[in-house]
Amino acid sequence: MPPGADASSLAAAVLDAATPPAAAAATSRVLDYLARHAADHPRAFFADAFPSLLYRLFVSSASSASFIDLAAADPALTDLLLSLLAPSGPLLAAAAAADRLALIRFVFPNERLPDWLRLALASPVSASASASPLLSARVGSDLHVSVFEYYLFWFAYYPVSAASPPATTSNPGLRSRSRLETWVSTLATTAIRKPGHKPETSLYLKLLYAYLIHLVPTRTPMARTAGAGTLLHRTAKDGVDALDSFARPDFLLHTLVQFWLVGDDFSPLPVQACHALGLRLPPRARAELSERPPSPGLGDAVKLLVMYLNCCDGRALVDADARMPSEGLPAWNPLIQRPLYRFVLRTFLFCPIGAAIKNATQVFSVWVAYMEPWKITQQELDGYAKQQTGEEQDLQKCNMVYTSSWKTYVLSNYLFYSSMVMHFLGFAHKFIHSDVAAVLLMVYKVLGVLSSSPELLDLLHKVDAAYHTKLVVSSSPYDDVLKYVPSICEQLKDWEDGLSETDADGSFLHEHWNSDLRLFSYDENGAYNLLQLLLIRAESEILRPSGDTQQALQTLDSIKSLMKRVFQGQIESIHGNTSLEELHNQHQQQVRGEVFKPKHPSSGKSSWADVKYRGEWMKRPISESEVAWLARILIRLSDWLNDALGLDCGDVDGSPAAASATYIQFDCNELNTVGGPKDAARMALVALCSVIVLAGQALLQFMRSHRVKINLRVFASKKLLSAAVVLYGVVAVTRNASG
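Criteria and thresholds
Residues numbered from 1 in each chain as written. Predicted model: local features only at pLDDT ≥ 70, side-chain atom pairs only at ≥ 80, totals over all residues. Heavy atoms only, no water. Helix = DSSP H or I, 4+ residues; strand = E, 2+ residues; numbered from the N terminus. Buried < 20%, exposed > 50% of the residue type's maximum accessible area, 1.4 Å probe, protein only. Phe/Tyr/Trp six-rings, centres within 6.5 Å; stacked < 30°, edge-to-face > 60°. Lys NZ or Arg CZ within 6 Å of the ring centre and 35° of its normal. Axes fitted to C-alpha atoms, helices over the stretch in contact; angles between N-to-C directions. Left-handed = near helix turned anticlockwise from the far one by under 90°. Contact = heavy atoms within 4.5 Å. Core = buried A, V, L, I, M, F, W, Y, C linked by side-chain atoms within 4.5 Å. Salt bridge = Lys/Arg side-chain N within 4 Å of Asp/Glu carboxyl O. Pairing = 2+ DSSP bridges. Bend = angle between axes of the 7 residues up to and from the residue. Patch = residues over 30% accessible without salt bridge, like charges linked within 9 Å, V, L, I, M, F, W, Y side chains within 5 Å. Areas by Shrake-Rupley, 256 points an atom, 1.4 Å probe, with all protein chains shown as cover.

For the protein chain, the name recorded in an unreviewed UniProt entry is Sphingomyelin phosphodiesterase 4, with Urochloa decumbens as its organism.

Q: I'm lost on unusual backbone geometry in this one. Help?
A: Trans peptide bonds make up the majority, and among non-glycine residues the majority have a negative phi. Despite not being glycine, alanine 102 has its phi angle at roughly 55°, a positive value. Relative to the elements of secondary structure, alanine 102 occurs in the loop between α6 (90-100) and β1 (106-108). Accessibility expressed as a relative area gives 54% for alanine 102, which makes it exposed.

Q: Is there a simple way to think about the packing of aromatic side chains in this case?
A: The geometry of an aromatic ring pair is captured by the separation of the ring centres together with the interplanar angle, meaning the angle of the planes. Scanning all chains against the criterion turns up 42 aromatic pairs. Ring centres of phenylalanine 50 and phenylalanine 106 lie 5.7 Å apart, and the angle between their planes is 50°; this geometry places the pair in the tilted category. Taken together, the residues span a long stretch of sequence, with phenylalanine 50 in helix α3 (residues 42-58) and phenylalanine 106 in strand β1 at a distance of 56 residues. An angle of 90° between the planes, with centres 5.2 Å apart, marks the rings of tryptophan 154 and tyrosine 157 as edge-to-face. A residue pair is termed a helical-turn pair when its members lie 3 or 4 positions apart in one helix, as tryptophan 154 and tyrosine 157 do in helix α9 (residues 147-157) at 3 residues. Per residue, the accessibility class of tryptophan 154 equals that of tyrosine 157, and both read buried. The aromatic ring of phenylalanine 266 is capped on one face by arginine 342, whose charged end is 5.7 Å from the ring centroid.

Q: When you look at the environment of alanine 356 in this model, what are you seeing that I'm missing?
A: With respect to the helices, strands and loops of the structure, alanine 356 is situated in the loop between α19 (333-350) and α20 (357-371). Relative accessible area serves as the criterion here: at 47%, alanine 356 is assigned to the partly exposed category. Spatially, the C-alpha atoms of alanine 356 and proline 293 are 8.2 Å apart, while their sequence positions differ by 63 residues.

Q: What is the right way to read the packing of α9 against helix α14 (residues 250-262) from this model?
A: Two quantities define a packed helix pair, namely the angle between the axes and the distance from one axis to the other. Packing of α9 against α14 brings their axes to within 9 Å, and their N-to-C directions diverge by 35°. Relative to α14, the crossing made by α9 is right-handed. Residues Glu149, Leu152, Phe153, Ala156 and Tyr157 of α9 lie in contact with α14, whose contacting residues are Phe251, Leu252, Thr255, Leu256, Phe259 and Trp260.

Q: Where do I start with the nonpolar core in this structure?
A: Nonpolar side chains tend toward joint burial in soluble globular proteins. Counting residues in each nonpolar core, the largest one holds 180 residues, and the members touching the most others are Phe45, Phe50, Tyr151, Trp260, Leu340, Trp367 and Phe424. Residues within four places of phenylalanine 50 in sequence aside, it is in contact with Phe45, Leu91, Phe106, Val147, Tyr150 and Tyr151. Leu647, Met703, Ile710 and Leu712 belong to the second-largest nonpolar core, a separate cluster that totals 10 residues.

Q: Just to check I follow, could you spell out the pattern of salt bridges for this structure?
A: A pair can form between side chains of opposite charge whenever their charged atoms are brought close. All chains considered together, the criterion is met by 8 salt bridges. A salt bridge links arginine 36 to aspartate 6; its shortest N-O distance comes to 3.3 Å. Of the two residues, arginine 36 sits in helix α2 (residues 20-37) while aspartate 6 sits in helix α1 (residues 3-16), which places them 30 residues apart along the sequence. Overall, arginine 36 belongs to the partly exposed group, its relative accessible area being 42%. Residue class for aspartate 6 comes out buried when judged on its relative accessible area of 11%. Linking aspartate 32 and arginine 36 is a salt bridge whose minimum nitrogen-to-oxygen distance equals 2.8 Å. With aspartate 32 and arginine 36 both in helix α2 and 4 residues apart, this pair spans about one turn of that helix. In this structure aspartate 32 comes out as partly exposed when scored by relative accessible area, which is 40%. Salt bridges here are not isolated pairs; linked through shared partners, they connect Asp6, Asp32 and Arg36.

Q: Before we go on, may I ask you to explain the environment of tryptophan 640 in this structure?
A: Tracing the backbone shows tryptophan 640 in helix α33 (residues 628-644). The class of tryptophan 640 is exposed, set by a relative accessible area of 56%. For the pair formed by tryptophan 640 and isoleucine 710, sequence separation is 70 residues and the distance between their alpha carbons is 9.7 Å.

Q: Even after reading the chapter, I still don't get the sheet that holds β1, so can you show me in this structure?
A: Sheet strands pair by backbone hydrogen bonding; their relative direction is either parallel or antiparallel. With antiparallel pairing, the 3 strands of this open sheet are ordered in space as β1-β3-β2. Looking at the sheet topology across the chains shown, the edges are occupied by β1 and β2 (138-139). The pairing of β1 with strand β3 (residues 142-145) spans 3 bridges and is antiparallel. The residue of β3 that forms the bridge with valine 107 is histidine 144.

Q: Looking at this structure, how should I read α3?
A: Every α-helix winds through 3.6 residues per turn, so residues three or four apart in the chain are directed the same way. Most pronounced at alanine 49, the bend in α3 amounts to some 50°, and the proline proline 51 follows within four residues. The buried fraction of α3 amounts to 15 of the 17 residues, a majority that puts the element mostly inside the structure.

Q: Would you take a moment to explain a nonpolar patch on the surface for this structure?
A: Taken together, the side chains of Leu685, Leu688 and Ile692 define a hydrophobic patch exposed on the protein surface, amounting to about 310 Å² of accessible area. Tracing the backbone shows leucine 685 in helix α35 (residues 677-705).

Shown next as structure tokens:
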């Protein structure tokens with residue numbers, strides 16, 4: 001049989017494989033074909049069978065799961081896929097050979113690119129190439145990539161496919177060659193993994209770790225590899241084999257960062273870079289973020305990437321130069337700082353209420369791993385390639401703590417240890433009712449990181465003091481951290497560009513979002529008081545007859561113990577010798593009765609202070625107790641009335657403007673005229689209207705001075721509407737009975 005016909009039948013067999021045994025048989029046929037024809041007829045395979053293979057490897061349809069997902073139920077299929085897709089395996093070796101001969105190029109579908117890459121792709125070539133090196137291989141408005149690059153794009157797309165919005169193209173699962181060639185450049189939308197379906201991570205993480213080992217040198221700074229060129233600028237005359245081409249890590253890391261961390265972020269680049277390139281995402285990007293929960297399984301892949309890039313062998317802690325470049329940072333850390341910060345922050349802010357907290361917990365574990373790079377050992381990373389008992393890992397990690405060799409790392413990533421903690425507390429308050437045990441465990445881990453070392457805690461306090469005292473001259477206790485304060489200020493503005501709790505649905509910190517570092521602030525918006533309030537709310541949730549109450553109570557006690565280490569020193573300096581327990585008890589007595597008061601006015605439960613328009617209360621998520629369409633209409637009507645009546649910009653002081661003198665000039669003829677009943681009635685009506693107008697003006701002035709706004713959303717309550725319907729029914733029945 002000619003190689004072309006054999007490749008077409010191979011593509012049909014791969015597309016038809018919908019069960020683990022069928023997938024194993026199809027994979028075996030691919031391995032056999034590559035062994036027989038990869039050297040003499042590679043073009044037929046990549047033109048006919050390769051697109052079908054990628055489709056079945058990384059895409060799940062409604063009728064069948066992907067090969068990687070099917071491998072979870074079949075160890076034999078896992079072994080076959082590892083043999084096929086390994087860095088030194090036949091598929092990538094054939095891809096390198098095809099690229100060396102420049103046999104074929106692929107067009108990656110634009111609808112599968114992150115939003116901002118799609119927008120940059122439509123901009124001029126010079127601007128797009130400056131925005132991302134991934135776009136330097138574009139042709140017109142399409143992204144033309146080599147075989148190896150095309151494979152890596154789909155490999156990176158696999159974990160985020162569950163969170164991708166559906167498109168409108170037709171089903172690509174057609175067997176004809178012409179339609180399959182059409183699908184190569186326009187991937188079908190029906191071939192998307194079902195939302196909420198968590199992919200099997202074991203095989204995927206093994207492949208990811210294998211690619212990182214062979215492609216990304218952890219001890220080579222970015223500056224040294226950038227001058228050697230990237231895979232994007234490779235030419236056919238380079239004559240490199242598979243492993244040599246893998247030695248250039250730029251393309252792989254940029255691909256993973258753009259697909260996983262940046263994703264559809266509406267601020268994908270530093271603010272100054274975006275302004276210089278003229279890149280602007282449409283306003284709808286912000287609204288869509290609030291509707292996208294974390295993609296299932298993505299957190300595990302990002303965690304492995306972060307651990308590998310920040311890897312530290314515990315046996316070489318004293319040899320910092322062997323693990324870090326001269327500036328004291330892991331080689332690839334500057335590449336992932338901003339994207340990773342915004343990735344974790346977007347999860348905390350925009351994870352919708354009701355979403356599976358397990359996916360958010362995976363992202364949380366990424367953050368914790370990033371804050372403790374000194375606990376990442378080579379043995380732990382090697383566990384992704386082979387099975388390893390967890391007891392030995394835990395013993396090693398417990399003996400590894402922060403040392404001065406990681407000081408530059410902490411200072412360069414200070415926002416992960418301070419501002420992110422505040423945003424996490426807002427997330428914890430939002431989800432404390434969903435899974436109190438999981439939220440308390442996360443709080444315990446965060447406080448455990450901050451209090452793991454007295455040296456680390458002292459460094460965090462020192463930077464916080466230098467930041468808030470605005471020191472600009474040399475001061476002996478702060479000399480070693482003063483130079484980092486300006487960069488921390490810039491990072492806070494740039495890394496949190498456009499992201500705040502006022503834009504997040506259901507956030508606890510609506511009124512006072514973290515516009516400044518408040519980790520060690522002891523006012524009502526500081527971390528200490530937010531933690532106290534969280535513990536009070538957790539105690540109430542634990543008392544409910546559900547879940548493991550004993551374990552949750554133990555975690556609660558452990559959190560109080562860790563709070564002593566983190567805050568006790570500052571509390572003693574502010575309140576004398578008062579212990580943390582006494583302050584906690586006093587705070588409980590003061591606020592326990594007020595903590596669970598509703599945050600919005602409701603019948604029978606509101607006070608006059610609750611009626612005030614607090615923060616963005618009307619923009620909170622639509623709850624189950626409201627009629628959604630009616631609530632949206634009433635919110636718009638309330639906004640229009642507030643704007644028309646000037647309640648959005650009322651006088652804060654409430655001081656009315658000085659009344660000017662009014663002069664009334666009478667006509668002599670009118671004075672001599674005697675009015676009748678008609679004139680008397682008209683005068684009475686004018687007087688009544690004047691009283692109503694004056695009362696309305698007084699009421700508006702009072703509302704402006706006290707910042708009270710009209711809020712008609714309360715009328716969208718299902719209880720209120722049900723009561724109105726019942727009342728109307730009773731009145732109607734009574735009227736009919738009396739008639």
